[in-house]
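Observations on the model geometry
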Amino acid sequence: MTDTPAHADVAPPAGQSDVAPPAGQRDVAPPAGQSDVAPPAGKRPEGPGGPLRGVTVLDLSTVGPAARCTRLLADYGATVVKVGAVPGRGPEPIRPPFYAYSGSRFLLRTAIDLRDPEGRSAFLALVAKADVVVESFRPGVVARLGVGFADLTGVNPRIILCSTTGYGQDGPRSLWAGHDINYLAVGGYLATTEPGADGGPPVPGATIADAAGGGMQAAMAIMAALIGRGADGPGVHLDVSIADGVLWLTSLAVDEHLATGAPVGPGHNVVTGRYACYDTYKAADGGWLAVGAIEPKFFANLCRLLECEQWLDHQLDDEAQDKIRADFRAAFAARDRDDWVARLSGADTCVTPVLSVAELAEDEQYAARHAIVDAVADVGGQPGSPAPARFRQVGPVMAGMVPPEGPVVARDPLRTDTDELLAGAGLSAEHIAALRTKGVVA
(Lines give C-alpha, C1' and ligand atoms only; values in the text may rest on other atoms or scores of the structure.)
Protein backbone atom coordinates (compact mmCIF):
# COMPACT_ATOMS: atom_id res chain seq x y z
CA MET A 1 0.00 0.00 0.00
CA THR A 2 1.50 3.31 -1.02
CA ASP A 3 0.58 6.95 -1.00
CA THR A 4 -0.73 9.28 -3.62
CA PRO A 5 2.41 10.83 -5.10
CA ALA A 6 2.08 14.23 -3.47
CA HIS A 7 5.39 15.53 -4.79
CA ALA A 8 5.17 14.81 -8.51
CA ASP A 9 2.88 14.04 -11.41
CA VAL A 10 3.66 10.35 -11.66
CA ALA A 11 1.83 7.11 -12.31
CA PRO A 12 -1.25 6.42 -10.17
CA PRO A 13 -0.41 5.20 -6.67
CA ALA A 14 -0.17 1.51 -5.89
CA GLY A 15 -2.55 1.95 -3.00
CA GLN A 16 -3.91 4.45 -0.60
CA SER A 17 -4.74 4.69 3.07
CA ASP A 18 -5.79 2.42 5.86
CA VAL A 19 -7.99 5.27 7.05
CA ALA A 20 -10.72 6.82 4.95
CA PRO A 21 -10.55 10.61 5.29
CA PRO A 22 -13.95 12.29 5.34
CA ALA A 23 -14.63 14.62 2.45
CA GLY A 24 -12.96 17.95 3.06
CA GLN A 25 -11.47 16.79 6.34
CA ARG A 26 -8.04 18.00 7.27
CA ASP A 27 -5.68 16.20 9.58
CA VAL A 28 -4.41 17.52 12.87
CA ALA A 29 -0.67 17.26 13.12
CA PRO A 30 1.99 16.57 15.65
CA PRO A 31 1.75 16.56 19.35
CA ALA A 32 3.86 19.28 20.75
CA GLY A 33 4.52 18.32 24.32
CA GLN A 34 3.16 17.03 27.53
CA SER A 35 1.24 20.04 28.78
CA ASP A 36 -2.50 20.19 29.19
CA VAL A 37 -2.34 23.56 27.45
CA ALA A 38 -1.80 23.83 23.73
CA PRO A 39 1.66 25.23 22.85
CA PRO A 40 2.17 28.66 21.37
CA ALA A 41 2.32 28.85 17.58
CA GLY A 42 5.72 27.88 16.25
CA LYS A 43 6.82 25.92 19.29
CA ARG A 44 8.65 22.78 18.21
CA PRO A 45 7.13 19.54 19.49
CA GLU A 46 9.08 17.75 22.19
CA GLY A 47 9.20 14.02 21.50
CA PRO A 48 9.47 11.27 24.08
CA GLY A 49 12.65 9.65 25.27
CA GLY A 50 13.44 6.18 24.07
CA PRO A 51 16.07 4.02 22.40
CA LEU A 52 15.83 5.90 19.07
CA ARG A 53 16.39 9.35 20.55
CA GLY A 54 18.93 11.12 18.35
CA VAL A 55 17.83 9.33 15.16
CA THR A 56 16.34 11.59 12.49
CA VAL A 57 13.79 10.22 10.01
CA LEU A 58 12.44 12.04 6.95
CA ASP A 59 9.02 10.67 6.00
CA LEU A 60 7.72 11.31 2.48
CA SER A 61 4.49 9.39 3.09
CA THR A 62 1.09 10.68 4.16
CA VAL A 63 -0.87 7.51 4.99
CA GLY A 64 -0.66 3.72 4.98
CA PRO A 65 2.13 1.39 6.11
CA ALA A 66 4.90 4.00 5.87
CA ALA A 67 2.93 6.28 8.19
CA ARG A 68 2.42 3.32 10.53
CA CYS A 69 6.18 2.73 10.44
CA THR A 70 7.17 6.27 11.32
CA ARG A 71 4.49 6.37 14.02
CA LEU A 72 6.36 3.52 15.71
CA LEU A 73 9.76 5.14 15.20
CA ALA A 74 8.55 8.42 16.70
CA ASP A 75 7.09 6.63 19.71
CA TYR A 76 10.47 4.95 20.20
CA GLY A 77 12.07 8.38 20.39
CA ALA A 78 13.17 9.16 16.83
CA THR A 79 12.77 12.69 15.45
CA VAL A 80 10.36 12.17 12.56
CA VAL A 81 9.89 14.93 9.99
CA LYS A 82 6.87 14.63 7.71
CA VAL A 83 7.87 16.04 4.31
CA GLY A 84 4.70 16.99 2.46
CA ALA A 85 3.73 18.79 -0.70
CA VAL A 86 3.56 22.56 -0.94
CA PRO A 87 -0.13 23.53 -1.01
CA GLY A 88 -1.28 24.45 -4.49
CA ARG A 89 1.69 22.90 -6.28
CA GLY A 90 0.91 19.50 -7.74
CA PRO A 91 -1.73 16.96 -6.69
CA GLU A 92 -3.52 17.62 -3.41
CA PRO A 93 -2.21 15.14 -0.84
CA ILE A 94 -4.42 12.87 1.22
CA ARG A 95 -5.15 14.41 4.59
CA PRO A 96 -6.15 11.79 7.14
CA PRO A 97 -8.62 12.68 9.91
CA PHE A 98 -7.24 14.49 12.93
CA TYR A 99 -7.26 11.32 15.06
CA ALA A 100 -5.50 9.03 12.56
CA TYR A 101 -2.02 7.67 13.29
CA SER A 102 -2.36 8.78 16.90
CA GLY A 103 -2.95 12.38 15.88
CA SER A 104 0.61 12.56 14.52
CA ARG A 105 1.96 13.12 18.01
CA PHE A 106 5.60 14.17 18.38
CA LEU A 107 6.06 14.75 14.63
CA LEU A 108 7.62 17.72 12.84
CA ARG A 109 6.44 18.96 9.44
CA THR A 110 7.80 20.67 6.38
CA ALA A 111 6.46 21.22 2.87
CA ILE A 112 8.89 21.02 -0.07
CA ASP A 113 8.26 20.81 -3.81
CA LEU A 114 10.56 17.97 -4.87
CA ARG A 115 9.85 18.60 -8.52
CA ASP A 116 11.62 21.94 -8.32
CA PRO A 117 15.45 21.75 -8.47
CA GLU A 118 15.75 24.18 -5.57
CA GLY A 119 13.23 22.19 -3.56
CA ARG A 120 15.14 19.00 -4.28
CA SER A 121 18.35 20.67 -3.12
CA ALA A 122 16.65 21.81 0.08
CA PHE A 123 15.44 18.27 0.73
CA LEU A 124 18.90 16.84 0.09
CA ALA A 125 20.28 19.33 2.61
CA LEU A 126 17.96 17.71 5.18
CA VAL A 127 19.06 14.26 4.02
CA ALA A 128 22.70 15.18 4.64
CA LYS A 129 21.98 15.40 8.38
CA ALA A 130 19.39 12.60 8.61
CA ASP A 131 19.63 8.89 9.33
CA VAL A 132 16.59 7.48 7.52
CA VAL A 133 14.30 8.39 4.63
CA VAL A 134 10.94 6.58 4.34
CA GLU A 135 8.92 6.66 1.11
CA SER A 136 5.96 4.80 -0.34
CA PHE A 137 5.78 5.78 -4.00
CA ARG A 138 5.61 3.21 -6.75
CA PRO A 139 8.94 1.63 -7.73
CA GLY A 140 11.11 4.03 -9.68
CA VAL A 141 9.35 7.26 -8.70
CA VAL A 142 11.93 8.56 -6.19
CA ALA A 143 14.71 8.00 -8.73
CA ARG A 144 12.77 10.01 -11.32
CA LEU A 145 12.31 12.77 -8.76
CA GLY A 146 16.06 12.87 -8.17
CA VAL A 147 15.82 11.59 -4.60
CA GLY A 148 16.53 7.90 -5.19
CA PHE A 149 19.07 5.91 -3.20
CA ALA A 150 21.99 7.00 -5.37
CA ASP A 151 21.01 10.66 -4.96
CA LEU A 152 20.62 10.30 -1.21
CA THR A 153 23.93 8.49 -0.67
CA GLY A 154 25.59 11.15 -2.80
CA VAL A 155 25.05 13.62 0.04
CA ASN A 156 24.98 11.13 2.92
CA PRO A 157 26.65 7.74 2.40
CA ARG A 158 25.19 6.51 5.72
CA ILE A 159 21.55 7.18 4.84
CA ILE A 160 19.00 4.36 5.13
CA LEU A 161 16.25 4.51 2.51
CA CYS A 162 13.15 2.47 3.33
CA SER A 163 10.77 1.98 0.39
CA THR A 164 7.38 0.51 1.32
CA THR A 165 5.25 -0.80 -1.54
CA GLY A 166 2.48 -3.32 -1.97
CA TYR A 167 4.53 -5.98 -3.72
CA GLY A 168 8.13 -4.81 -3.59
CA GLN A 169 10.49 -3.09 -6.01
CA ASP A 170 10.51 -5.98 -8.49
CA GLY A 171 8.43 -8.93 -9.65
CA PRO A 172 5.37 -9.18 -11.92
CA ARG A 173 3.06 -7.42 -9.41
CA SER A 174 5.45 -4.61 -8.47
CA LEU A 175 3.42 -1.91 -10.26
CA TRP A 176 -0.03 -3.18 -9.28
CA ALA A 177 -2.31 -0.90 -7.32
CA GLY A 178 -3.57 -2.37 -4.08
CA HIS A 179 -5.00 -1.97 -0.62
CA ASP A 180 -4.81 -3.93 2.62
CA ILE A 181 -7.38 -6.51 1.51
CA ASN A 182 -5.39 -7.26 -1.65
CA TYR A 183 -2.20 -8.05 0.25
CA LEU A 184 -4.13 -10.23 2.71
CA ALA A 185 -5.62 -12.02 -0.30
CA VAL A 186 -2.36 -12.86 -2.10
CA GLY A 187 -0.54 -13.64 1.16
CA GLY A 188 -2.88 -16.48 2.12
CA TYR A 189 -4.46 -14.72 5.08
CA LEU A 190 -7.98 -14.51 3.67
CA ALA A 191 -7.92 -18.10 2.42
CA THR A 192 -7.05 -19.44 5.88
CA THR A 193 -9.81 -17.47 7.62
CA GLU A 194 -13.27 -18.92 8.27
CA PRO A 195 -15.60 -18.01 5.39
CA GLY A 196 -18.49 -15.62 5.76
CA ALA A 197 -22.15 -16.51 5.38
CA ASP A 198 -21.86 -16.52 1.59
CA GLY A 199 -18.92 -18.92 1.66
CA GLY A 200 -16.40 -16.27 0.64
CA PRO A 201 -13.44 -14.91 2.62
CA PRO A 202 -14.49 -12.29 5.17
CA VAL A 203 -13.42 -8.66 5.14
CA PRO A 204 -11.07 -8.26 8.15
CA GLY A 205 -11.96 -5.74 10.81
CA ALA A 206 -8.45 -4.27 11.02
CA THR A 207 -5.81 -3.29 8.46
CA ILE A 208 -3.48 -6.14 9.36
CA ALA A 209 -1.39 -5.91 6.21
CA ASP A 210 -0.79 -2.18 6.62
CA ALA A 211 -0.04 -2.31 10.32
CA ALA A 212 1.90 -5.56 10.70
CA GLY A 213 2.83 -6.74 7.21
CA GLY A 214 4.03 -3.30 6.17
CA GLY A 215 4.40 -0.81 9.02
CA MET A 216 5.91 -3.05 11.66
CA GLN A 217 8.08 -4.82 9.08
CA ALA A 218 9.46 -1.48 7.91
CA ALA A 219 10.11 -0.27 11.47
CA MET A 220 11.93 -3.49 12.38
CA ALA A 221 13.96 -3.38 9.18
CA ILE A 222 14.99 0.22 9.86
CA MET A 223 16.00 -0.51 13.44
CA ALA A 224 18.00 -3.54 12.31
CA ALA A 225 19.67 -1.43 9.60
CA LEU A 226 20.58 1.24 12.16
CA ILE A 227 22.25 -1.40 14.32
CA GLY A 228 23.96 -2.96 11.30
CA ARG A 229 25.22 0.40 10.10
CA GLY A 230 26.84 1.08 13.44
CA ALA A 231 28.90 4.19 13.98
CA ASP A 232 30.62 4.33 10.61
CA GLY A 233 28.97 1.82 8.28
CA PRO A 234 27.31 2.57 4.93
CA GLY A 235 23.61 3.07 4.37
CA VAL A 236 21.25 0.58 2.76
CA HIS A 237 18.11 0.57 0.64
CA LEU A 238 15.36 -1.47 2.33
CA ASP A 239 12.77 -2.98 -0.03
CA VAL A 240 9.66 -3.51 2.11
CA SER A 241 6.93 -5.52 0.39
CA ILE A 242 3.66 -5.55 2.31
CA ALA A 243 2.61 -8.78 0.58
CA ASP A 244 5.87 -10.40 1.71
CA GLY A 245 5.05 -9.31 5.24
CA VAL A 246 1.64 -10.97 5.02
CA LEU A 247 3.29 -14.11 3.67
CA TRP A 248 5.40 -14.20 6.82
CA LEU A 249 2.32 -13.64 9.00
CA THR A 250 0.70 -16.66 7.33
CA SER A 251 3.89 -18.73 7.30
CA LEU A 252 2.79 -21.36 9.84
CA ALA A 253 0.14 -22.49 7.38
CA VAL A 254 2.32 -21.96 4.30
CA ASP A 255 5.25 -23.87 5.77
CA GLU A 256 2.98 -26.79 6.65
CA HIS A 257 1.77 -26.94 3.06
CA LEU A 258 5.29 -26.65 1.66
CA ALA A 259 6.61 -29.41 3.92
CA THR A 260 3.69 -31.84 3.79
CA GLY A 261 1.48 -30.87 0.87
CA ALA A 262 -1.48 -30.56 3.24
CA PRO A 263 -4.40 -28.50 1.84
CA VAL A 264 -4.36 -25.94 4.66
CA GLY A 265 -7.34 -23.65 5.00
CA PRO A 266 -10.29 -22.88 7.28
CA GLY A 267 -10.99 -25.72 9.68
CA HIS A 268 -7.65 -27.40 8.94
CA ASN A 269 -6.23 -27.29 12.46
CA VAL A 270 -6.93 -26.06 15.95
CA VAL A 271 -6.31 -22.35 15.25
CA THR A 272 -8.44 -22.28 12.09
CA GLY A 273 -11.63 -23.61 13.63
CA ARG A 274 -11.35 -27.37 13.45
CA TYR A 275 -12.24 -27.95 17.09
CA ALA A 276 -14.88 -26.60 19.46
CA CYS A 277 -12.22 -25.64 22.00
CA TYR A 278 -11.14 -22.75 19.75
CA ASP A 279 -14.21 -20.80 18.68
CA THR A 280 -16.59 -17.98 19.59
CA TYR A 281 -19.90 -18.46 21.39
CA LYS A 282 -22.96 -16.25 21.91
CA ALA A 283 -24.21 -15.48 25.41
CA ALA A 284 -27.77 -14.93 26.61
CA ASP A 285 -27.60 -11.14 26.25
CA GLY A 286 -26.26 -11.29 22.68
CA GLY A 287 -22.67 -10.69 23.74
CA TRP A 288 -19.92 -12.98 22.50
CA LEU A 289 -17.09 -14.88 24.13
CA ALA A 290 -13.84 -16.10 22.60
CA VAL A 291 -12.65 -19.54 23.67
CA GLY A 292 -9.05 -20.64 23.15
CA ALA A 293 -8.80 -23.70 25.40
CA ILE A 294 -6.15 -25.52 23.37
CA GLU A 295 -4.25 -27.23 26.18
CA PRO A 296 -6.07 -30.27 27.68
CA LYS A 297 -6.01 -28.85 31.22
CA PHE A 298 -7.73 -25.63 30.06
CA PHE A 299 -10.27 -27.61 28.06
CA ALA A 300 -11.01 -29.77 31.09
CA ASN A 301 -11.55 -26.70 33.28
CA LEU A 302 -13.92 -25.27 30.67
CA CYS A 303 -15.94 -28.48 30.36
CA ARG A 304 -16.40 -28.72 34.10
CA LEU A 305 -17.51 -25.12 34.52
CA LEU A 306 -19.90 -25.39 31.57
CA GLU A 307 -21.21 -28.67 33.04
CA CYS A 308 -20.15 -30.49 29.89
CA GLU A 309 -17.94 -33.10 31.52
CA GLN A 310 -19.10 -35.72 29.00
CA TRP A 311 -16.64 -34.21 26.50
CA LEU A 312 -13.53 -34.25 28.69
CA ASP A 313 -11.96 -37.09 26.71
CA HIS A 314 -13.12 -35.94 23.25
CA GLN A 315 -11.35 -32.62 22.78
CA LEU A 316 -9.72 -33.64 19.47
CA ASP A 317 -12.29 -36.23 18.39
CA ASP A 318 -13.36 -35.03 14.93
CA GLU A 319 -16.54 -37.09 15.03
CA ALA A 320 -17.68 -35.37 18.21
CA GLN A 321 -17.04 -31.72 17.32
CA ASP A 322 -20.55 -30.87 16.13
CA LYS A 323 -22.03 -32.28 19.32
CA ILE A 324 -19.48 -30.49 21.52
CA ARG A 325 -20.22 -27.21 19.80
CA ALA A 326 -23.96 -27.72 20.22
CA ASP A 327 -23.57 -28.35 23.95
CA PHE A 328 -21.18 -25.43 24.37
CA ARG A 329 -23.59 -23.12 22.54
CA ALA A 330 -26.45 -24.21 24.74
CA ALA A 331 -24.37 -23.71 27.88
CA PHE A 332 -23.12 -20.24 26.91
CA ALA A 333 -26.62 -19.19 25.92
CA ALA A 334 -27.81 -19.71 29.49
CA ARG A 335 -25.98 -16.71 30.99
CA ASP A 336 -25.00 -13.18 30.01
CA ARG A 337 -21.55 -12.51 28.63
CA ASP A 338 -20.14 -10.71 31.65
CA ASP A 339 -21.53 -13.37 33.98
CA TRP A 340 -19.53 -15.96 32.05
CA VAL A 341 -16.45 -13.73 32.11
CA ALA A 342 -16.69 -13.52 35.90
CA ARG A 343 -17.04 -17.29 36.17
CA LEU A 344 -14.52 -18.44 33.54
CA SER A 345 -11.85 -15.93 32.70
CA GLY A 346 -9.89 -16.23 35.93
CA ALA A 347 -10.31 -20.00 36.13
CA ASP A 348 -7.69 -21.07 33.56
CA THR A 349 -10.18 -21.63 30.76
CA CYS A 350 -8.75 -19.20 28.15
CA VAL A 351 -12.09 -17.41 27.82
CA THR A 352 -12.39 -13.68 27.15
CA PRO A 353 -15.19 -11.32 26.22
CA VAL A 354 -15.36 -10.06 22.64
CA LEU A 355 -15.09 -6.34 23.35
CA SER A 356 -16.37 -3.64 21.07
CA VAL A 357 -14.10 -0.67 20.41
CA ALA A 358 -16.25 1.41 22.75
CA GLU A 359 -15.87 -1.21 25.48
CA LEU A 360 -12.12 -1.62 25.16
CA ALA A 361 -11.74 2.17 25.46
CA GLU A 362 -13.01 1.81 29.03
CA ASP A 363 -11.47 -1.60 29.76
CA GLU A 364 -9.82 -1.96 33.15
CA GLN A 365 -6.81 -3.87 31.82
CA TYR A 366 -5.89 -1.17 29.31
CA ALA A 367 -6.56 1.46 31.95
CA ALA A 368 -4.19 -0.27 34.36
CA ARG A 369 -1.47 -0.23 31.70
CA HIS A 370 -2.16 3.40 30.70
CA ALA A 371 -2.76 2.32 27.11
CA ILE A 372 -5.21 5.14 26.40
CA VAL A 373 -3.86 8.68 26.75
CA ASP A 374 -5.31 12.17 26.55
CA ALA A 375 -4.63 14.57 23.69
CA VAL A 376 -5.37 18.25 23.23
CA ALA A 377 -5.62 19.99 19.87
CA ASP A 378 -4.35 23.55 19.67
CA VAL A 379 -7.05 24.32 17.10
CA GLY A 380 -9.58 22.00 18.68
CA GLY A 381 -13.05 23.37 19.24
CA GLN A 382 -12.37 26.39 17.04
CA PRO A 383 -14.52 27.29 14.01
CA GLY A 384 -13.56 25.20 10.99
CA SER A 385 -11.62 22.63 12.99
CA PRO A 386 -12.89 19.03 13.00
CA ALA A 387 -10.95 18.27 16.17
CA PRO A 388 -12.48 18.64 19.62
CA ALA A 389 -10.47 20.62 22.15
CA ARG A 390 -9.64 17.38 23.97
CA PHE A 391 -9.85 13.74 22.95
CA ARG A 392 -8.28 10.39 23.71
CA GLN A 393 -6.05 8.11 21.67
CA VAL A 394 -4.08 4.88 21.90
CA GLY A 395 -0.78 5.74 23.56
CA PRO A 396 2.76 4.44 23.00
CA VAL A 397 1.90 0.88 24.04
CA MET A 398 4.78 -1.14 22.61
CA ALA A 399 7.47 -2.47 24.94
CA GLY A 400 10.31 0.00 25.38
CA MET A 401 8.29 3.08 24.46
CA VAL A 402 8.23 5.95 26.94
CA PRO A 403 4.68 6.93 27.94
CA PRO A 404 3.80 10.63 27.99
CA GLU A 405 3.68 12.34 31.36
CA GLY A 406 0.53 14.24 30.45
CA PRO A 407 -1.73 14.96 27.49
CA VAL A 408 -0.02 15.03 24.10
CA VAL A 409 -0.73 17.98 21.82
CA ALA A 410 -1.97 17.83 18.24
CA ARG A 411 -0.97 20.97 16.35
CA ASP A 412 -2.63 22.66 13.41
CA PRO A 413 -1.72 20.52 10.35
CA LEU A 414 -1.01 23.62 8.30
CA ARG A 415 1.75 24.70 10.68
CA THR A 416 5.23 23.65 9.60
CA ASP A 417 8.72 23.71 11.09
CA THR A 418 10.33 24.51 7.75
CA ASP A 419 12.40 27.54 8.77
CA GLU A 420 13.93 25.82 11.79
CA LEU A 421 14.56 22.56 9.93
CA LEU A 422 16.21 24.16 6.91
CA ALA A 423 18.26 26.48 9.10
CA GLY A 424 19.48 23.41 10.97
CA ALA A 425 20.45 21.93 7.59
CA GLY A 426 22.66 24.95 6.87
CA LEU A 427 20.42 27.18 4.75
CA SER A 428 20.56 30.90 5.49
CA ALA A 429 17.50 32.86 6.51
CA GLU A 430 17.70 34.76 3.23
CA HIS A 431 17.81 31.54 1.22
CA ILE A 432 14.83 30.09 3.10
CA ALA A 433 12.86 33.31 2.60
CA ALA A 434 13.61 33.22 -1.12
CA LEU A 435 12.41 29.63 -1.36
CA ARG A 436 9.19 30.61 0.40
CA THR A 437 8.67 33.55 -1.94
CA LYS A 438 9.05 31.25 -4.96
CA GLY A 439 6.60 28.73 -3.44
CA VAL A 440 9.23 25.99 -3.33
CA VAL A 441 8.80 25.45 0.41
CA ALA A 442 6.06 26.27 2.89
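Residues numbered from 1 in each chain as written. Predicted model: local features only at pLDDT ≥ 70, side-chain atom pairs only at ≥ 80, totals over all residues. Heavy atoms only, no water.

1. So, the overall build of the protein
Using the following cut-off: Strands are runs of DSSP state E lasting at least two residues, helices are runs of H or I lasting at least four, and both sets are numbered from the N terminus onward. Exposed residues in this analysis have more than 50% of their type's maximum accessible area, buried residues have under 20%, and partly exposed residues fall in between, with area computed by a 1.4 Å probe over protein chains only. The contact criterion used throughout is that any non-hydrogen atoms of two residues lie within 4.5 Å.
Each helix and strand in the protein was counted, giving 16 helices and 12 strands. Per-residue burial over the protein gives 48% buried out of 442 residues. If you take every contact in the protein between residues at least 6 apart in sequence, the share linking residues at least 24 apart comes to 72%.

2. A few points about the pairing of strand β11 (residues 390-394)
Keep this limit in mind: For two strands to be treated as a pair, DSSP must find no fewer than two bridges joining them.
Residues Phe391 and Gln393 of β11 are buried on one face, while the alternating residues Arg390, Arg392 and Val394, pointing to the opposite face, are not. Here strand β10 (residues 372-377) pairs with β11 via five bridges, running antiparallel. Bridge pairing in β11 places valine 373 opposite glutamine 393.

3. Brief notes about the environment of glycine 286
As for its placement among the helices and strands, glycine 286 is situated in the loop between β7 (278-282) and β8 (288-292). Expressed as a C-alpha distance, the spacing of glycine 286 and aspartate 336, which sit 50 residues apart in the sequence, is 7.7 Å.

4. Let's talk about the environment of glycine 426
Mapped onto the secondary structure, glycine 426 falls in the loop between α15 (418-424) and α16 (429-438). Relative accessible area serves as the criterion here: at 62%, glycine 426 is assigned to the exposed category. In the structure, glycine 426 is positioned 304 residues away from alanine 122 in sequence and 9.6 Å away in space, judged by C-alpha atoms.

5. Describing the sheet that holds strand β12 (residues 408-410)
Pairing between the strands of a sheet is mediated by backbone hydrogen bonds and can be parallel or antiparallel. Threshold: Every angle, taken between N-to-C directions, lies between 0 and 180 degrees, and every axis is a line fitted to C-alpha atoms, over only the stretch in contact when it is a helix.
An order of β11-β10-β12 is seen for the three strands of this open sheet, with the pairing classed as mixed. Looking at the sheet topology across the chains shown, the edges are occupied by β11 and β12. For this sheet, the mean inter-axis angle between neighbouring strands, taken without regard to orientation, is 40°. In the sheet, β10 pairs with β12 via three bridges, with the strands oriented parallel. Within the sheet, the bridge partner assigned to alanine 375 lies in β12 and is valine 408.

6. With respect to a nonpolar patch on the surface
To keep things clear, this is the line we draw: The patch calculation keeps residues exceeding 30% relative accessible area without a salt bridge and links them within 9 Å when they carry like charges or within 5 Å when they are nonpolar (Val, Leu, Ile, Met, Phe, Trp, Tyr). Note that accessible areas follow from Shrake-Rupley with a 1.4 Å probe, and for residues the cover is restricted to the protein chains shown. Here a salt bridge means any side-chain nitrogen of Lys or Arg lying within 4 Å of a carboxyl oxygen belonging to Asp or Glu.
Taken together, the side chains of Met216, Met220, Val394, Val397 and Met398 present a nonpolar region at the surface, about 440 Å² in accessible area. Note on placement: valine 397 falls in the loop between β11 and β12.

7. Observations regarding helix α1 (residues 64-75)
Rule in force here: For a helix, the expected span equals 1.5 Å multiplied by the residue count minus one.
The end-to-end C-alpha distance of α1, which contains 12 residues, comes to 17 Å, matching closely the 16 Å that a straight helix rising 1.5 Å per residue would cover. Those residues of α1 not exposed but buried are Gly64, Pro65, Ala66, Ala67, Cys69, Thr70, Arg71, Leu72, Leu73, Ala74 and Asp75.

8. Some thoughts on the sheet that holds strand β5 (residues 160-165)
Taken in spatial order, the six strands of this open sheet run β3-β2-β1-β4-β5-β6, and their pairing is parallel. Of all strands in the sheet, those bounded by a partner on one side alone are β3 (108-111) and β6 (236-241). Within this sheet the neighbouring strands show an average axis-to-axis angle of 20°, counted without direction. In this sheet, β3 lies alongside strand β2 (residues 79-84) in parallel orientation, the contact comprising four bridges. Residue lysine 82 lies in a different strand from β3, and its bridge partner there is arginine 109. Along the sheet, helix α3 (residues 117-128) contacts β1 (56-59), β2, β3 and β4 (132-135); its crossing angle with β1, the most-contacted strand, is approximately 150°. Contacts from helix α8 (residues 242-249) reach β5 and β6 within the one sheet, and its direction differs from that of β6 by about 65°.

9. Quick word on the packing of aromatic side chains
Threshold: Only Phe, Tyr and Trp rings take part, Trp by its six-membered ring, and two of them pair if their centres are within 6.5 Å. Stacked means planes under 30 degrees apart, edge-to-face means over 60, and tilted covers everything else. Comment: the charge-over-ring label is applied if NZ (Lys) or CZ (Arg) is within 6 Å of the ring centre and within 35 degrees of the ring normal.
Taken as a whole and judged by the stated rule, the model has eight aromatic pairs. Relative to phenylalanine 391, the ring of phenylalanine 98 has its centre 5.1 Å away and its plane inclined at 75°; by these criteria the two rings are edge-to-face. Of this pair, phenylalanine 98 sits in the loop between β2 and α2 (100-103) while phenylalanine 391 sits in strand β11, placing them 293 residues apart in sequence. Exposure remark for phenylalanine 391: the relative accessible area of 10% places this residue in the buried category. Taken together through their ring pairs, the aromatic side chains of Tyr281, Phe299, Phe328, Phe332 and Trp340 make up a single cluster. In this structure, arginine 335 packs its charged tip against the face of tryptophan 340, placed 5.7 Å from the ring centre.

10. Comments concerning the confidence of the model for the protein
Going by this rule: Per-residue confidence from the prediction method is given by pLDDT, with values spanning 0 to 100.
The pLDDT averaged across the protein works out to 89; a share of 88% of its residues lies at or above 70. Taken together, the stretch residues 1-42 has pLDDT below 50 and engages in 187 contacts with residues farther than four places along the chain or on a different chain.

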